[in-house]
Each structure stands twice: as structure tokens, then as C-alpha cells.
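Breakdown of the fold
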Amino acid sequence: MLRRVGPTLSHFLLERKNSTGYSLCSREAKMSRPVQAQRLEGLDKNIWVEFVKLAATYSKVNLGQGFPDFPAPEFLTEAFVGALSGKNHMLHQYTRAFGHPPLVKVLAQFFGKLLGRDLDPMTNVMVTVGAYQALFCCFQAFVDEGDEVIIIEPFFDCYEPMVKMAGGTPVFVSLRPKAPKDGKLMSSADWQLDPAELASKFSERTKAIVLNSPNNPLGKVFSRGELELIAELCVKHDVLCFSDEVYEWLVYDGKEHIRIASLQGMWDRTVMIGSAGKTFSATGWKVGWTVGPDRLMQHVRTVHQNSVYHCATVAQEAVSQGFQRELSLFGKPDSYFVQLPKMLQQKRDQLVQSLDAVGMKPIIPEGTYFLVADISKFKSDVPDDPKSDEPYDYRFAKWMVKNKGLAAIPLSAFYSEAHKNNYNNYLRFCFAKEDATLKAASDILQKWKQEKISS
Amino acid sequence: MFCASRNFCCHGIRTFQLRTDLLSRSIKHSASATMAFRHKNTSRIEGLDSNVWVEFTKVAADPSIVNLGQGLPDISPPSYVKEELAKVAAVDKLNQYTRGFGHPSLVKALSQVYERVCGRKIDPLTDILVTVGAYGSLFSTIQALIEEGDEVIIIEPFYDCYEPMVKMAGAKPVFIPLRCVTIILNTPHNPIGKVFTREELQVIADLCIKHDTLCISDEVYEWLVYKGNKHIKIATLPGMWERTVTIGSAGKTYSVTGWKLGWSIGPENLIKHLQVVHQNTLYTCPTPLQEALAQAFLIDYKRMDDPECYFYSLSRELESKRDRMAQLLKEAGLTPVIPDGGYFMIVDVSTLNVDLSDIDEKQPYDYKFVKWMIRSKKLSAIPLSAFCGPETKKQFEKYIRFCFIKKDSTLDAAEVILKNWNKQTA
């Protein structure tokens, strides 16, 4: 029967059509409906597509999109090249779909140590295409039509469209700045949640809360007390927690990054997300991971196997070697996880100084490689335009990159539509940059300040 | 292969009813669980957890087994491809994020190669999306263009992911068009190895145009066609470019399945929606791999008139492996279906008369056969019913699929097993 390929498709389809009496979708129905699926409604805009293009066209100094312009550590790129030069050319072929065995094994060891728990590499860990895809898997696995998801503002912009694409309803709660002591610069620690307000956001429909600590864009590192507050509410309302911890190693001034999954009652309801791109300064490798109880991970795996299925092998091999090195150097001065935050703290301080010197008011971040600065003193350069439908800081950022060659991201990009105008005098700067880049940024700022004084 | 019996119409409706039963059963179950309710998975992935690969790659992972199961080469990719990747790791910029919809040098190289193949202008920025494997392209296309309640025609047997992906989008993979329809075409075809002829493609095209439907064309094996056959892109037929998303794969083109790079090519008004899915799912694909792939494409683009171009040399190499595999199977008393393209070969194993009735598992015969073959013969393959919808599994449960993109020593080892098949006790 199979030797000759059976009846032709047309015969088959016509037969079906005739026998059922149904016709394919009518022309009218087709014409009135858009070609794209409804799940994409409202998701087409993306700040990065727009601002990355602007930076590529106009910027002389790019402190916008979050990626280092210094190289990834040598031990990592050597691991990549080494993996390729070995006799084993099977590194160019599919590996295990839920994560290359050497990588999930070392991740299980590493995070097991940090969480004080025995982790099974096969069931408690899954590798993803960047933390971005890990987030996607979580939303698709657990957020159904009508489910509510609490998002703390300001937030990494993808959370909102991902919740919507899953048919969920994002519920926002804002971090609110407390005025700093006179004369002092604000710290990201001064931005806090109001406990009563947070509690009021939990309803019967709440499926999950997204936690991002250290927080992008503010750089806030949630304290134990703040995490305990969130944890209590999660337990009380039986809510899941998607914990985006991609900047877990980038904490300054001796602060501690606390993993919410280690708090009472949280392991069973938390999916922890990490990133090799941020951990090892290799954002272009797109290797991320999820860690959690099998009961939750099984569903994350189901989404993964039905969307991407495998992640690239050789990058996973190299990242696993990177983690082996870090495991053996854990806590020691040579550890990249010790050196990187040390290096970035200096760069943070450098940028803080440059911004403060010209009258932009930076909020000193406790973590990540971003900081947010208040540009109110420079508003005269970009007058208000009541006719514009863009938030003020978008217009300011666009003007700044076109006229000063300095790229940064408007803070309102990290707010929901309803709250975009609440904080529109702020820009986010990335300081994971070579000293020369930061110096060039400082020169632009100084020149700008001089122009304002003399005009 | 088309399952074209008259009964299929009824099978389709029964299938629809079965799914409703399953759905209502699962809703009742979830309502009764209280504490665990919030931790329940979404309805979109209900029933999509099992997967033939997860099952069979685990079983065949034992290195003492001759693995002709999962479709991955154990031959080496071309050396210049490996070298390009080694070169890029040393370039700092290439370890950071690149353009979300596809690394500029790669989309440019792809547009050049496919402009030549399709005979039309392809804009690298608007008509191409780079994805994580062709798998990622299929996912993006289905999420972008298939609405809940839509029906999607899938020609059986089919690459197994089409069905769960269509279901995850809330659509129905059936053969009776009740609502808006799209068709998923796979040529050269996995697992049968069929290369659709121009006439067959014209029939599909005529229907697509007549009923204004979309076509998702999975052409990952586009270069792997054997003598006497020609791969034709349905998007090049009149009226088809504007309604077709064509999917390709670096893994299959360059024998680097572990690079997980694929692409979707089509008109801007369709690709832009795939780009929206992409920017909301994984945002960008790995940079070093895309750069290396771009360089490899440039090397082969320059020699597309030369028989040494890898696109042609690989298929010549595979044709002799195909013929050898067919010979081995025939000598073991089997009748393989000789593929016109791709690197898989299916064979009816019922003539071997292996009695598996004592194995209690409620799985189709071919699943049990392959597991038994792995255990007792140390040879692996994939059961064909993994590529069938629920109603047609019975028709194909005596077939298994072998992958022959394997080095000579692997095929030698398979030969030994097949030659000794009847000599060994069951």
C-alpha cells in the first residue's frame, strides 16, 4: 500500500468536502478577520526594536540596551573553542532536550548548594534559550485565560505582553520612592512596596506573582523582610512565584541576594530563573535555566518540548565548564562571581559621579548593571508637548540620542500603559561598559552641561 | 501519505468527540482538587506532555546500541562550518545580543541563497525570521497565524510536533474543514521520504488559492533529494508566495542539528506576525552560531553552480547510504520504502513475525517492537505510529523508521545485526 504513494490530495480533499457538505472558511469570514491570531493583539510594539535601531543609527555612546561591551571572560570563550576543537563532533548535534547533561548536573549541584537542598538535574532543572524563554515557558505553563498575574512596577518590559499572550490579566503594584535624606542621593532601596497595597492586589484569580530581584531597571535588591512579606502572601493565597534572578551575582556594597525559593513555604511554589548571559557576560549565547520542584517543572518541560524542544549544544557545554570552574572557586577571590560585581561596582560609582556632576540625579542601584537617573534639570532642552501621545521621557531619550549621541532607555518603558506618565523624568543607563565608554559618556554630559551654562 | 479511506470523514468527527470527552473529564478532575488547583497546568498544554523523542532517546542513549532512531547525523559536519564557529568565539562583540529577528549577516546570506532558489526578491529584514531550529519556526508560525478554533490540515503520517503545536494554539488538527483552514506541508517528507511533485503541489496550491488559505511549508530536507527527483518550493508557484511561510533548517542543511537555527521566509505581511511572536517568546537567537552559519552560507552561495557545493555533495553522499540501508534491509527479508528525499527510510516489520503479545503495555505494536529490538538486538529505530493521529495509528503500527545519515561504521554495525537477525534466539 505504501509503495505507491496513495490517492492524490485533491481527490482526498474533494471527497471530504463533498461528503461532509461543509465548505472551507467562507470568503467573507476570511476577509473580515485579520491574518494574525488574536493572541497577538496589542503585542506588536516593542521598545527594544525601536530603541536598538535608534542607537544603531545615532549613538556615539550606547548606554541603552543591557549588554556588556567588555569581553566575556576568557575561561568561557576558551571553553567554547575547546569544545569545538575536541574530537567529539557530536557537540554539533542535538543534546538532551531538557538540558545538556553536564550543564544540568552542575546547575543542580550549584543551586542545590545555594538553596541547601538536594536537586535532581533531570527533574528540578531545565535549560532554556535565555531567561527570556524560561519566562515564556512559565507563563504558558501556568497562566490560563482570565488568570491574574501580579507584576511589580517598574518591570522588565516582557512580563506584561507574555501574560497577555497567555490570556492572563496583569495586575500592577508600584514600588514607590521615599524621599532621601537631605543632600543624599537616592538609593534603589528607597523604592519600596506598600504592604497593604501589595496585599490588596491578591485576589481569588491570582495565579502568580513575578518577582525580579535584583530588579531591572531600578537595581533594587529586595531585602529579607520584603521577600518574607511577598512569601507570606504567596502562601496565604496559594499563589505561584516566578522568580527572575538573572542579576543574582550583581549585588554591591556587601548586600546579599536572597533566593525567595529558600524561604518558608516557597520551594514548592517557585520557579527560579537564571541566565548565563548575565552571569558570564555573554548575552549572545542565549543560555538560561529554570529551577523548581518537579511538580511545577513538568509543565514547564511540556511547553518547552512543544515550542523549542532543544537548545544549542555547544554553548551549553561551554557554560557547564564555566560553572565547574565557579563551583571549585566558590567564594574565593578568583571566582568570576566575586570579580564581576567588584568590577561593576566601580563602574557604577564612575557613572553615578558623572551624572551627579552635571545635575542628573542618579538613584544608586544596589544591584544589576543598570541605574536610573532623574533628568529634570535638563528638561528645558526638550519642551513639553501636550499634543504628543508619547511619554515625556521617550521624547527626551530620542532627542538625546539624536542630538547628543548618548543612548539610554526611558523609564516609562518599564511601566504599564496606565502608569507611564507617573515617572516620566527618568532614564535608565547601562554601566556594563568599558571605562573608555563610560569616560566618553562623561565627556558628552560635561559638554552638554557647559552648553547649558553658556547659553 | 494520505489516509484517504471513505471512513475518514467519520473518524474525524469521532476524533473531535473524543477530545471533548477528555476535556470535560479533565475539567471535572481539576475542580475537585482544591489546594493544588492554583498549581495546575494551563489547559493549552493539557495532554501534550508525552513525546516520542523523550521516550525513545532515553531508551537508545546506551552507547552499545546502534542508534538509527532519532534523526541526527553521526557524520561530521563539513570542516569549514566547524572552523567558522571556532573563529567567531574570539570576536567579543559576537558574544553579545544581536538583532532580535536575525543576525544581519545571516539574514543577508539567507536572502541571497533563497533569492536564487526562488527566483524572486527577498528582503532580509522583513521577509525572514531566524528561529531556534525549524521547530521554533513552526511554533512561531502556528502561534502567529492560527486562531483558537481554527482547523489545520495535517497530512498523515506527519512530523510529530505538528499536532501538539496546533493543539497548543487551541486549534484542531483534523481532516474535515469546518472553520478557517491552514495546511502544513512537509516536503521532502519525514518520515516517508516523499518528494512532492509539481503536479501534487499544484493541486495543493489550487486549493489554497481557491479557498484563500495559508500554507506552512516545512522544507528542512530541501537539499536532500535523490536522483530523478527535484525539490520544488510551493511558494514559487503562482499565487502562493503571498500565502506561504517556508521553513528551513541549518541543522539539516549543514548536519549541525545541535546549532538549533532555523528560519521562516515569506511575505512581510505574514512574517511580521511571526516576528511579534518571536519578540515575545525568546527575543533573539544565539549570535555566534548565526555568524558562523552566515559565513558557511556565503561559502556555499559562491559555489551554487559547482557540484562540490555542500547542498549537492551531501545529498550524493546520502544517496549511497540510502541504497546501502535498503540493501541491508532487503537482505534481512524486509521490504523498505525507498525514499526519494530526506534521510529516513520506513519498513514494514510484520514479515519478521515477532510475537510481542506477551508484553502487556498498552502501546501500538511498533512501539513495543522497537523497544524489544533495542533490548534484544541493540538496534534502535522509531515507531511510525508516533507520526500518526489517533485514528490512523492502527494502520501504521507495523512500520518503523530508520535514519541513515550515519557514518560507515554505524551502518556496518547495523549490517551485522541485520545479517544475524534470524540466527539469534528471540
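Our subject is the structure that appears above.
Let us look at the structure shown here. (Residues numbered from 1 in each chain as written. Chains lettered and ligands numbered in written order. Predicted model: local features only at pLDDT ≥ 70, side-chain atom pairs only at ≥ 80, totals over all residues. Heavy atoms only, no water.)

On to the overall build of chain A. Helices and strands together make up the secondary structure of chain A, namely 15 helices and 15 strands. Based on the C-alpha atoms only, the size of chain A along its principal axes is roughly 85 × 60 × 50 Å. Across the 455 residues in chain A, those meeting the buried criterion constitute 63%. Nonlocal contacts in chain A, meaning residues at least 24 apart in sequence, comprise 73% of its contacts between residues at least 6 apart. For chain A, the accessible area works out to roughly 17400 Å², and carbon and sulfur atoms hold 50% of it. Counting 54 positive and 51 negative side-chain charges, chain A places the averaged centre of each group 4 Å from the other. (Helix = DSSP H or I, 4+ residues; strand = E, 2+ residues; numbered from the N terminus. Buried < 20%, exposed > 50% of the residue type's maximum accessible area, 1.4 Å probe, protein only. Contact = heavy atoms within 4.5 Å. Areas by Shrake-Rupley, 256 points an atom, 1.4 Å probe, with all protein chains shown as cover. Lys, Arg positive; Asp, Glu negative; His and termini not counted. Charge placed at Lys NZ, Arg CZ, Asp CG, Glu CD.)

What follows covers the interface of chain B and chain A. On the chain A side, the residues contacting the 103 residues of chain B number 100 residues. Taking both partners together, chain B and chain A bury about 9100 Å²; carbon and sulfur atoms supply 60% of that area. On the surface where chain B and chain A come into contact, there are zero salt bridges. Viewed at the interface, chain A and chain B are joined by 39 residue pairs in polar contact (both at pLDDT 80 or more). Considering every element that reaches the side of chain B that touches chain A, the biggest residue donor is helix α5 (residues 133-145) of chain B, with seven residues. (Buried area = accessible area lost by both parts, 1.4 Å probe. Salt bridge = Lys/Arg side-chain N within 4 Å of Asp/Glu carboxyl O. Polar contact = N/O pair within 3.5 Å; in protein donor to acceptor, adjacent residues only side chain to side chain.)

Relative to the assigned elements, B:H278 resides in helix α9 (residues 268-279). Each residue touching B:H278, except ones within four places of it in the same chain, is listed here: B:G100, B:F101, B:L129, B:V130, B:T131, B:Y283, B:T284 and B:C285.

Residues and elements named next belong to chain A. Counting buried positions over the five residues of strand β8 (residues 240-244) gives five, a clear majority of the element. The two faces of β8 match: L240, F242 and D244 on one face and C241 and S243 on the other face are all buried. With five bridges joining them, strand β7 (residues 206-212) and β8 adopt parallel strand pairing. Considered in β8, the bridge of N212 is made with D244. With four bridges joining them, β8 and strand β9 (residues 270-275) adopt parallel strand pairing. By the bridge assignment, S243 is partnered in β9 with M272. (Pairing = 2+ DSSP bridges.)

Time to look at the sheet that holds strand β3 (residues 151-154) of chain B. Residue and element names in this part refer to chain B. Ordered by their spatial adjacency, seven strands build an open sheet running β2-β8-β7-β6-β5-β3-β4, and the pairing between neighbours is mixed. Only two strands of the sheet have a single partner each, and these edge strands are β2 (128-131) and β4 (172-173). Taken together, the four bridges between strand β6 (residues 214-218) and strand β7 (residues 244-249) define a ladder with parallel strand orientation. Across the sheet, the residue bridging to C215 is T244, located in β7.

Turning next to unusual backbone geometry. The bulk of non-glycine residues show a negative phi, and the bulk of peptide bonds are trans. With an omega of -10 degrees, the peptide bond between B:T187 and B:P188 qualifies as cis. With respect to the helices and strands, B:P188 occurs in the loop between β5 (181-186) and α7 (198-210). Phi at A:D238 takes a positive value of approximately 55 degrees, unusual for a residue other than glycine. By secondary structure assignment, the location of A:D238 is in the loop between α9 (224-237) and β8.

Residues and elements named next belong to chain B. The four strands lie next to each other as β9-β10-β13-β12, forming an open sheet whose pairing is antiparallel. At either margin of the open sheet sits one strand with a lone partner, and together these are β9 (335-337) and β12 (382-383). Bridge count between β12 and strand β13 (residues 399-403): two bridges; the pairing is antiparallel. Each bridged residue has a counterpart across the sheet, and for I382 the counterpart in β13 is R401.

On to helix α4 (residues 74-85) of chain A. Spanning 12 residues, α4(A) covers 16 Å between terminal C-alpha atoms, matching the ideal 16 Å at 1.5 Å per step. Where α4(A) is buried, its residues touch α12 (313-328) and α13 (336-358) of chain A together with α3 (79-88) and α10 (287-302) of chain B. (Expected span 1.5 Å × (residues − 1).)

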